[in-house]
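What follows is each chain in one-letter form.
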Amino acid sequence: MRQLNQLLLGELSPFQLGLTVLPEALYMVISVKSIERIADHAVLISKNILEAAKRITITDQIVNLFNKTREAYVYAIRGFRDMNKRHINKVLTLINELQRSEEYIRQNITNLARSPEIYLVLDSMRRIRAYSLDIVESTINMLTIRELNKP
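Residues numbered from 1 in each chain as written. Predicted model: local features only at pLDDT ≥ 70, side-chain atom pairs only at ≥ 80, totals over all residues. Heavy atoms only, no water.

Caption draft 1: Summary view of the overall build of the protein. The helix and strand tally for the protein stands at five helices and zero strands. N-terminal to C-terminal, the α/β element order of the protein is α-α-α-α-α. If one aligns the C-alpha atoms of the protein with their principal axes, the spans along those axes are about 60 × 30 × 15 Å. Counting every atom, the protein has about 9,000 Å² of accessible surface; 54% of that belongs to carbon and sulfur. Distance from the positive charge centre (21 side chains) to the negative charge centre (16 side chains) of the protein: 3 Å. (Helix = DSSP H or I, 4+ residues; strand = E, 2+ residues; numbered from the N terminus. Areas by Shrake-Rupley, 256 points an atom, 1.4 Å probe, with all protein chains shown as cover. Lys, Arg positive; Asp, Glu negative; His and termini not counted. Charge placed at Lys NZ, Arg CZ, Asp CG, Glu CD.)

Here it is, written out as structure tokens:
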């Protein structure tokens, strides 16, 4: 964020930050904030899993949902870093799959009632997916700006 502030103050050029034009800075800020929020939810997931594990066994379905959510985030970051449409498409595919998986978990796992923390874990994973989509959207917008600014 400090570097983006320097950019807006004219102390750095867009090129020095890996940007092609100044308007890309907006999408960089959105992505940085999304990454920060994702980190906050990762901490919440850790705390809630530790608390829930005192009373219930964490099911493989929840672990798999977490791993796939992490995978979607990693693809979003790679897509953003590399400006790679293939990674972006992978995120969109994973997000659709994960929404169905979460619905199944919420409807079919009986020990959720004994552990309210699991609901918080599921909510944090849903938010991580939403923030990953924000990163994807920023990447698409940056790619569009770059296409429009090609000579």
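That was the structure; now back to the text.
Caption draft 2: View of helix α2 (residues 24–52). For α2, built from 29 residues, the straight-helix expectation of 42 Å at 1.5 Å per residue is met to within 8% by its first-to-last C-alpha distance of 42 Å. Within α2, the full set of buried residues consists of Glu 24, Ala 25, Tyr 27, Met 28, Ser 31, Ser 34, Ile 38, His 41, Ile 45, Asn 48 and Ala 52. Where the residues of α2 are buried, they touch α1 (2–8), α3 (60–82) and α5 (116–148). (Expected span 1.5 Å × (residues − 1). Buried < 20%, exposed > 50% of the residue type's maximum accessible area, 1.4 Å probe, protein only. Contact = heavy atoms within 4.5 Å.)

Caption draft 3: Structural detail: the nonpolar core. Membership of the largest hydrophobic core comes to 36 residues, with the highest contact counts inside it found for Leu 19 and Met 125. When contributions to this core are tallied by element, the ones reaching two or more residues are α1, α2, α3, α4 (85–108) and α5. Per-element tally for this core: the top contributor is α5, with eleven residues. When residues no more than four places from it in sequence are discounted, the contact partners of Leu 19 are Leu 7, Pro 14, Glu 24, Ala 25, Met 28, Met 142 and Arg 146. (Core = buried A, V, L, I, M, F, W, Y, C linked by side-chain atoms within 4.5 Å.)

Caption draft 4: The environment of Val 91, seen in detail. Structurally, the position occupied by Val 91 is in helix α4. Among residues more than four places away in sequence, those in contact with Val 91 are Ala 72, Tyr 75, Ala 76 and Val 136.

Caption draft 5: Representation of the packing of α3 against α4. Interhelical geometry of α3 versus α4 gives an angle of 160 degrees and a closest axis separation of 9 Å. As summarised for this structure, α3 and α4 are arranged roughly antiparallel, according to the angle between their axes. Of the two elements, α3 crosses α4, and the hand of that crossing is left-handed. Seen from α3, the contacting residues are Gln 61, Ile 62, Leu 65, Lys 68, Thr 69, Glu 71, Ala 72, Tyr 75, Ala 76, Arg 78, Gly 79 and Asp 82; seen from α4, they are His 87, Ile 88, Lys 90, Val 91, Leu 94, Ile 95, Glu 97, Leu 98, Ser 101, Glu 102, Tyr 104 and Ile 105. Each residue belonging to the contact of α3 with α4 can be placed in one class, and the counts come to twelve nonpolar, five polar and seven charged. (Axes fitted to C-alpha atoms, helices over the stretch in contact; angles between N-to-C directions. Parallel < 35°, antiparallel > 145°, perpendicular 65-115°, else oblique. Left-handed = near helix turned anticlockwise from the far one by under 90°. Nonpolar A, V, L, I, M, F, W, Y, C, P; charged D, E, K, R; others polar.)

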